[in-house]
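Descriptive structure summary
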Amino acid sequence: VVPSSGLTTGGESVTVNGTNFTGATSVTFDGLPCSNASITATQIVCDTPPHAAGAVDVAVATPGGTATATNAFTYFKANTALSDLTVISTSLVGNSISVSTTLTRTTAPAGNISGATVVFTLTDPFSGITNHVGTTTGAGVATVLIPMTQRGVHTIVANYAGTADLNSSTSNTPSVTVYQRTTLS
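First, a word on scope: everything that follows refers to the structure included in this document.

Cut-off values and rules
- Residues numbered from 1 in each chain as written.
- Predicted model: local features only at pLDDT ≥ 70, side-chain atom pairs only at ≥ 80, totals over all residues.
- Heavy atoms only, no water.
- Helix = DSSP H or I, 4+ residues; strand = E, 2+ residues; numbered from the N terminus.
- Buried < 20%, exposed > 50% of the residue type's maximum accessible area, 1.4 Å probe, protein only.
- Contact = heavy atoms within 4.5 Å.
- Pairing = 2+ DSSP bridges.
- Disulfide = S-S within 2.5 Å.
- Core = buried A, V, L, I, M, F, W, Y, C linked by side-chain atoms within 4.5 Å.
- Axes fitted to C-alpha atoms, helices over the stretch in contact; angles between N-to-C directions.

1. Brief notes about the environment of S35
Counting through the fold element by element, S35 comes out in strand 5 (residues 35–39). The exposure class of S35 is partly exposed, given its relative accessible area of 35%. In this structure S35 touches C46 and D47, once residues within four positions along its chain are discounted.

Next up, the structure:
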């Protein structure tokens, strides 16, 4: 099977090579039929069906029987990336900081991912960990406002959990130094 791998979303044009394919009644990937099949005596060209990630058997059924190639095609998820977080490096207790990142699909067809949930995790020296959830826009940008309630050095990281078709990704981890407001009496 050429190519021997493709995306979980399916639609990958593959060529199955062999002999005695004339009259083939089906070509399946883990039991799921491929589409748009073009069949000759030694070659079948078709589009893969959608399937979960992993290796699958490819079977060709003909009047002479069914031939199966074990683990002949491997499905994989598309890769994603979160851009470096955009954040200011200092703030004051009581202020909120705006943090943003862009989520993109890096496997063809590459592009921005919209409508995805991105979790921004703030770790501060006193309160521990708090999560702030953002949703990506049509441009793939997720932005959250995080209130700064404690002084000290805080770190922030963004995580995208992924889906059945997209791998997870994690951003860089910048820090923000939060100062106590100074007052005079």
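2. Observations regarding the environment of V87
Relative to the assigned elements, V87 resides in the loop between strand 9 (80–82) and strand 10 (90–92). When its relative accessible area of 22% is taken as the criterion, V87 is described as partly exposed. Once you skip the residues sitting within four places of it in the chain, V87 turns out to touch I97, S98, V99, I156, P174 and V176.

3. A word on the pairing of strand 11 (residues 96–105)
With three bridges connecting them, strand 9 and strand 11 associate as antiparallel partners. From the neighbouring strand, L82 faces strand 11, where its bridge partner is L103. By the bridge criterion, seven bridges tie strand 11 to strand 15 (residues 141–147) in an arrangement that is antiparallel. Bridging across to strand 15, I97 finds its partner in I146. Inspection of the sheet shows strand 11 paired to strand 12 (residues 111–112) by two bridges, in the antiparallel sense. For T104, the partnering residue across the bridge sits in strand 12 and is N112.

4. Describing the state of the cysteines
Under the counting rule described, the total for this entry stands at one disulfide. Across the disulfide, C34 is cross-linked to C46 (sulfur-sulfur distance 2.4 Å). The sign of the S-S torsion, about -110 degrees, decides the handedness of the disulfide formed by C34 and C46: left-handed. With a gap of 12 residues between them, C34 in the loop between strand 4 (32–33) and strand 5 and C46 in strand 6 (residues 43–47) connect regions that are remote in the sequence. Residue classification places C46 among the buried residues on the basis of a relative accessible area of 0%.

5. A few points about the nonpolar core
I97, V99, F120, I146 and I156 are the most contacted members of the largest nonpolar core, which has 23 residues in total. Within the residue set of this core, elements represented by two or more residues are strand 11, strand 13 (117–124), strand 15, strand 16 (152–160) and strand 18 (175–179). Other than its neighbours up to four places away in sequence, I146 contacts N95, S96, I97, V99, L122 and H132.

6. Description of unusual backbone geometry
Of note, the bond from V2 into P3 is cis; its omega dihedral lies within 30 degrees of zero at -10 degrees. Within the secondary structure, P3 sits in the segment before strand 1 (5–7). At the junction of A108 and P109, the peptide bond is cis and its omega measures out at 0 degrees in the coordinates. Note that P109 resides in the loop between strand 11 and strand 12. Its identity is not glycine, yet N36 carries a phi of approximately 55 degrees, on the positive side. Positionally, N36 belongs in strand 5. For N36, a relative accessible area of 60% puts it in the exposed group.

7. Re the side chain of T48
Relative to the helices and strands, T48 resides in the loop between strand 6 and strand 7 (54–62). The exposure class assigned to T48 is buried, which follows from its relative accessible area of 3%. Ignoring anything within four residues of it in the chain, the contact list for T48 reads G10, G11, E12, V14, F29, F73 and Y75.

8. Some details on the sheet that holds strand 2 (residues 13–17)
Across the sheet, three strands lie side by side as 2-6-5; this open sheet has antiparallel pairing. A strand with exactly one partner marks an edge of an open sheet, and here the two such strands are strand 2 and strand 5. With strand direction ignored, the average angle separating the axes of adjacent strands in the sheet is 20 degrees. The pairing of strand 2 with strand 6 spans five bridges and is classified as antiparallel. Of the residues in strand 6, the one forming a bridge with V14 is C46.

Geometry only, nothing functional implied.
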